[in-house]
Amino acid sequence: MSQKTIVVFGATGHQGGAVLRALQQKGGWQVRALSRNPASESAQALKAQGVEVVKGDMDDDASLTKAFQGAYGVFSVQGTDQGIETEIRRGIAVADAARKTGIEHFVYSSVGGADRQSGVPHFESKWRIEEHIRKIGLPATVVRPVFFMDNFRKPVMRTLVLALVRRNVPPQKPLQMIASDDIGKWVAMAFANLEDFIGKSEEIAGDELTYTQIVRTFRRNRWFAGLPFPLPDIILKRLPYDVRKMFEWFGSCGYKSDLATLRTRHPDFLTFENWLKNKI
């Protein structure tokens, strides 16, 4: 029997790359990635991993339709690096192309809290894409990841995130987090179990820790660079509104993933400590 094809967006990024790896590890799937330039070095690296690479561009509807031909499923994720309106336009374009080509299972990566009127711009943009997916009747599943553990990898980012958490989140309030690899595992399970996931949405996390617990976990695992450093408020206040609003939301509302239920279904999801150990 021939393998069913899953089109994976962002195959060289955190989420798309994790989905690609999880699908390949699970077996039974052919992964297809889109590239504006299939001859590029990154595209060639994907091909070397057994990935089918086709020319495609989220700003070119015809290329999306062509790229989806013969595929069973699509994993859709968009970044905000070129602005919120661009993200929304691209997310809608990918969904419309999937509807047009008869994709049987569409998995969209949104964000935890997108459904709760957070007021965070890049949460609200994903909610608009979710609404469009439901409006056009796509056979879809929505995954809503919480804060990425991967955001702590670089010392500069670590310093900034810890300063923002300390400034905005009450000492006893935990921050829910997830490893990008575990997003990939969840998505692979969704594709393999259509009847259990179609039409559903879930906020997913692997751990939840307070600011103090996060810092202690870093120190216990000998991660010292980028640990608590007193950044002046004037620096934090100059950060983009989207970032500041998100951390304020962490403090006032925050993610609401059902960790206990998730751990019964995904016992291999990484705790923050285990994620750190895997990254050393």
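The structure reproduced in this document is the subject of the present report.

Criteria and cut-off values
- Residues numbered from 1 in each chain as written.
- Predicted model: local features only at pLDDT ≥ 70, side-chain atom pairs only at ≥ 80, totals over all residues.
- Heavy atoms only, no water.
- Pairing = 2+ DSSP bridges.
- Helix = DSSP H or I, 4+ residues; strand = E, 2+ residues; numbered from the N terminus.
- Buried < 20%, exposed > 50% of the residue type's maximum accessible area, 1.4 Å probe, protein only.
- Right-handed = clockwise from strand over helix to strand, strands pointing away.

The mixed open sheet is built from 3 strands, whose spatial order is 7-8-10. In this open sheet, the two edge strands, each paired with only one partner strand, are strand 7 (147-148) and strand 10 (207-209). Pairing between strand 7 and strand 8 (residues 175-178): 2 bridges, direction parallel. Along strand 8, the bridge assignment pairs Phe 148 with Ile 178.

Another aspect to go through is the pairing of strand 4 (residues 73-76). Alternating positions in strand 4 separate into two faces, Gly 73 and Phe 75 on one and Val 74 and Ser 76 on the other, with burial throughout. Where strand 1 (residues 4-8) lies against strand 4, 3 bridges are found, and the strand directions are parallel. Bridging from a neighbouring strand, Ile 6 pairs with Gly 73 of strand 4. In the sheet, strand 4 pairs with strand 5 (residues 105-109) via 4 bridges, with the strands oriented parallel. Among the inter-strand pairings, Gly 73 is bridged to a residue of strand 5, identified as His 105. Read from strand 4 through helix 4 (residues 84-101) to strand 5, the crossover connection turns out right-handed.

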